[in-house]
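# Structural overview
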Amino acid sequence: MSEQEYYVPHGTYWPIIGSIGVSTLFVGFANQMHGVEWGGSVMALGLAITVFMMFGWFGQVVNESTNGIYNKQVDRSFRWGMSWFIFSEVMFFAAFFGALFYARALSVPWLGGADNNIFTPDLWNAFSASWHQMAFLAPGTELQSGTVMSFPDVPASGIATATPADVVDPWGLPALNTALLLASGVTLTFAHHALRAGHRNQIVGWLVATIALGVAFLGFQIMEYSHAYHDGLKLTSGIYGSTFYMLTGFHGFHVTVGAIMLTVILYRVQKGHFDADNHFGFEGVAWYWHFVDVVWLGLFVFVYWL
Amino acid sequence: MTGVVSVIIIIAILVALGFGLIGMVKGGKSGSDKMFKSLVIRVSLSVLLFILVMFAGYMGWITPNAIMVDAPIISTPVQK
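Calculation rules
- Residues numbered from 1 in each chain as written.
- Chains lettered and ligands numbered in written order.
- Predicted model: local features only at pLDDT ≥ 70, side-chain atom pairs only at ≥ 80, totals over all residues.
- Helix = DSSP H or I, 4+ residues; strand = E, 2+ residues; numbered from the N terminus.
- Buried ≥ 20, exposed ≤ 12 C-beta atoms within 10 Å, placed from the backbone.
- Contact = placed C-beta atoms within 7 Å.
- Core = buried A, V, L, I, M, F, W, Y, C linked by C-beta atoms within 7 Å.
- Expected span 1.5 Å × (residues − 1).
- Domains from an automatic or database assignment.
- Nonpolar A, V, L, I, M, F, W, Y, C, P; charged D, E, K, R; others polar.

So, on to the overall build of chain B. Along the backbone of chain B there are 2 helices and 0 strands. Each of the 80 residues in chain B was classed as buried or not, and the buried ones make up 29%. Considering only contacts in chain B between residues 6 or more positions apart, those separated by 24 or more positions represent 53%.

Right, here's the structure in full:
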């Protein structure tokens, strides 16, 4: 295709299949959440359709690329597409880190009576603000105004207090996981270097190491979740529990997606889809992995340490 | 002090990552070179930050968030 001619994509049925897949997935998920019997099966069906769409659509794009249908204009649009996707990801995590900052630096101290003024009256005189605590509520907790809060999930006896200290030790799994993920960033950089130097066997080796480190990270993360959950740290365990699981949970999901993307790239490297000068697919996934790595580093530093 | 240095390194990591992204969007030989160099810097800074945080924790300059002896009692049931 010439450089002057603007690439017009052919007709395709993949977008409608994707829409059906995602809609089915969400209908199933919503019903599953409401305890409807068929929710889980419909969710699984939606997921299967979505995965089928991804294989089909992405595979078609890869085939078109390797057949030389795309020109530099298409290359540019892929790069911009990736950058907008990344922008949305950055905003996504910025929102959660923002929530972490807001809760920790502003709203929790306010609840504890810090900087009291007309906008932040002493809301709850029995509240002792501390970031680390899990905000357990006893039933019938009384606010200063006399309003009695009612939490239907709280048993009559209240809930025993515990701290995340009992469940999350930053010297243990979090430190190990940080080391694993950082090491994966290093191995990926070696793979990137090998690709630019045209050493295919080395790329494969370093990519396999990167994926293995990512999978090991996920395994340890599951262990930590299981440990934390059984010791009482849950999504409902106050603002610490909520932000902890939202941030680490979505991060873990991104590591999973990144590991899948790296596996696809590994397959494509073995198929000889990339050369030293032409490897945008690799670059996009590599940047994504570096980003996920940096998010974890931010989590490790701000959630566990500072 | 460790906190300030950590935040500065994190900002530097984000800047390096940002330059990597610019290189990726630019494409071509120069973009690819820029991307690779930026990512090498970001990996090196990340390893440095990890070592710093672990060392500061070991020396007792910073204490982990999670270590708490007692959970404060934050709510009092209403006596009826």
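What follows covers the nonpolar core. Grouped together as the largest cluster of nonpolar side chains are 54 residues, with contacts concentrated most on A:Ala191, A:Ile203, A:Leu207, A:Leu262, A:Ile265, A:Trp296 and A:Phe300. Of all elements in the fold, only helix 4 (173-197), helix 5 (200-230), helix 6 (238-270) and helix 7 (280-305) of chain A together with helix 1 (2-26) and helix 2 (28-59) of chain B reach the threshold of two or more residues within this core. Excluding residues that lie within four positions of it along the chain, A:Trp296 makes contacts with A:Thr178, A:Leu181 and A:His251.

Turning to helix 6 of chain A, a few remarks are in order. Between its first and last C-alpha, helix 6 of chain A extends 48 Å over 33 residues, near the 48 Å set by a 1.5 Å rise per residue. Immediately downstream of helix 6 of chain A, the backbone of A:Gly272 shows phi near 75°, a positive value.

With that settled, the discussion passes to helix 2 (residues 39-66) of chain A. For the α-helix, the turn length of 3.6 residues means that residues three or four positions removed from each other point alike. Residues and elements named next belong to chain A. The first and last C-alpha atoms of helix 2 sit 40 Å apart over 28 residues, in line with the 40 Å expected at 1.5 Å per residue. For helix 2, the set of buried residues is Met43, Gly46 and Met53. Those residues of helix 2 that are buried are in contact with helix 1 (14-33). Trailing helix 2 by a residue or two, Gly68 shows a phi angle of about 75°, which is positive.

The subject of this paragraph is the domain arrangement of chain A. All names here are of chain A. If you check the domain split of chain A, you get domain 1 (1-70) and domain 2 (72-306). Domain 1 puts 6 residues into the contact, and the matching count from domain 2 is 6 residues. Broken down by class, the residue content of the side of domain 1 that touches domain 2 amounts to 4 nonpolar, 1 polar and 1 charged.

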